[in-house]
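Close look at the chain arrangement
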Amino acid sequence: MVANNMIEHPLAVRCMTYNQARYITDAMNGFCMQQTNFPFVCTIVDDASTDGEQEVIRQYLNDNFDLQDASIAYEKDEAYGHVTFARHKTNVNCYFAVVYLNENHYSQRKPKAPYLKEWTDNVKYIALCEGDDYWTDPLKLQKQVDFLESHPDYSLCCHRFKIYHENKDTWSDDYVGAAFAANPNVEGLDVINADNFRTRFTWTLTLCYRKEVADAIVWPPYKFGHRDFNFHYHLLKAGKGWCFADYMGVYRMNDGGVWARMSNVEMDRFRLNGYEDFYLYNRDDRDVLEAYQYWIEGFYKKYVFSPYSRHKLTKNGLNNTFPTNSTIR
């Protein structure tokens, strides 16, 4: 068995996946194509998929990774599942640590991060990518690590990406196009929490952050958990953010995600409850107050004064549909 301290890797990639057998190969190709001057470990956790995804991952490792050399590979069975660690056959800086869970942890609200401690405890940086998204730039990780190494006052960096709407077979840009259109020919832009509130400047597949900053976050007891939005807020409270102008990945919009299974009303209820939950614990921040007022006004106009109000809710109906800690006035 290889001890983790034999591989000094400054960065770990975290990829949580479930029932994404059709997509996970694209994600793994994006990991393996990365050209870096440092070793990195891609930690993939399959949450007991039922669509054959675990078999897809196993075959990918068999085809592309050296599973025989005991100095760079091992396998072991744990109570929670099977673990495979190995190095890529040709990209010697690329390692995979795959955890095949025996039972679905999401449905049981059981954490998965503890299973990654062997590969994530001592890194400086963590990059994220879910199993149905993928990277397209082979220098993505190198660019992000180089930036954070040379800008110690930044806690995160991200980049632009394309959105693929699978059901329609169409493409669209991310949500920061207006900011870059107003600043053409720049390599990137600073991002602050005001950007976090008004538009999604980053999605999971683009984020690379300092682990020490994330570890230092004192999390309020959010009812709705550690959502991406909350995480970005706390990272940006601790340091600056940077968004590269380069398109380096693809976000896949499909029927398999949690959002795709929600109705519009369910999505709005989820958003509003999450926003109020977030506001309750950060109301001393003026940016949060202004953003919360903006959100409330948006929901109020949509459901009360919409020109299609015949199909919308009344004011009381909105409060009943979106049970928040304080009624909308």
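Since this is a predicted model, take the numbers as computed values, not measurements.

1. Remarks on the overall build of the protein chain
On a plain count of helices and strands, the protein chain comes out with eleven helices and 13 strands. Total accessible area on the protein chain is roughly 16,300 Å²; 49% of this is exposed by carbon and sulfur atoms.

2. So, unusual backbone geometry
The phi angle of most residues is negative, glycine excepted, and most peptide bonds adopt the trans form. The phi angle at N19 is positive, at roughly 50°, despite the residue not being glycine. Looking at N19, the relative accessible area reads 28%, which means it is partly exposed. For N185, which is not glycine, the phi dihedral falls at a positive 65°. Looking at the element boundaries, N185 is found in the loop between α5 (177–181) and β11 (188–191).

3. Structural notes on the side chain of H105
Within the element layout of this structure, H105 appears in the loop between β6 (94–101) and α3 (117–120). Look at H105 and you get buried, because its relative accessible area is 1%. Here the side chain of H105 touches E103 through a polar contact of 2.8 Å, landing on its backbone oxygen. With residues near it in sequence (within four places) discarded, H105 still touches D47, K110, P111, K112 and Y115.

4. Digging into the nonpolar core
Of all hydrophobic cores here, the largest spans 41 residues; its most connected members are L11, F31 and F96. Beyond its immediate stretch of four places on either side in the chain, F31 contacts V13, C15, F40, C42, I44, C94, F96, C129 and W135. Counting 20 residues, the second-largest nonpolar core is a separate cluster that includes A12, L189, F201 and I217.

5. Remarks on the confidence of the model for the protein chain
Averaged over all residues, the pLDDT of the protein chain is 88; the fraction at 70 or higher stands at 87%. Taken together, the stretch residues 1–5 has pLDDT below 50 and engages in 13 contacts with residues farther than four places along the chain or on a different chain. Here residues 321–329 scores under 50 on pLDDT; set against residues more than four positions off or in separate chains, the count is 26 contacts.

6. Regarding the side chain of Q54
With respect to the helices and strands, Q54 occurs in helix α2 (residues 53–64). Take Q54: its relative accessible area is 12%, and that puts it in the buried class. Ignoring sequence-local partners within four residues, the contact set of Q54 consists of D46, A48, S49, Y100 and L101.

7. Quick look at the packing of helix α1 (residues 24–32) against α2
In the contact formed by α1 and α2, the axes pass within 10 Å of each other and the chain directions differ by 30°. With respect to the hand of their crossing, α1 and α2 are arranged in right-handed fashion. On α2, the residues touching I24, T25, M28, N29 and C32 of α1 are E53, V56, I57 and Y60. Each residue belonging to the contact of α1 with α2 can be placed in one class, and the counts come to six nonpolar, two polar and one charged.

8. A short note on the pattern of salt bridges
The final tally for this structure, using the stated rule, is 15 salt bridges. Across the salt bridge formed by D173 and K162, the nearest N and O atoms sit 2.5 Å from each other. Highlighted residues: D173 in strand β10 (residues 170–173) and K162 in strand β9 (residues 154–165), separated in sequence by eleven residues. For the salt bridge of D285 with K237, the shortest nitrogen-to-oxygen distance reads 3.2 Å. Taken as a pair, D285 in the loop between α9 (264–280) and α10 (286–303) and K237 in helix α8 (residues 228–238) lie far apart in primary sequence, 48 residues in all. One connected set of salt bridges, linked through shared partners, spans K76, E78 and E118.

The rules we used
- Residues numbered from 1 in each chain as written.
- Predicted model: local features only at pLDDT ≥ 70, side-chain atom pairs only at ≥ 80, totals over all residues.
- Heavy atoms only, no water.
- Helix = DSSP H or I, 4+ residues; strand = E, 2+ residues; numbered from the N terminus.
- Areas by Shrake-Rupley, 256 points an atom, 1.4 Å probe, with all protein chains shown as cover.
- Buried < 20%, exposed > 50% of the residue type's maximum accessible area, 1.4 Å probe, protein only.
- Polar contact = N/O pair within 3.5 Å; in protein donor to acceptor, adjacent residues only side chain to side chain.
- Contact = heavy atoms within 4.5 Å.
- Core = buried A, V, L, I, M, F, W, Y, C linked by side-chain atoms within 4.5 Å.
- pLDDT = per-residue confidence, 0-100.
- Axes fitted to C-alpha atoms, helices over the stretch in contact; angles between N-to-C directions.
- Left-handed = near helix turned anticlockwise from the far one by under 90°.
- Nonpolar A, V, L, I, M, F, W, Y, C, P; charged D, E, K, R; others polar.
- Salt bridge = Lys/Arg side-chain N within 4 Å of Asp/Glu carboxyl O.

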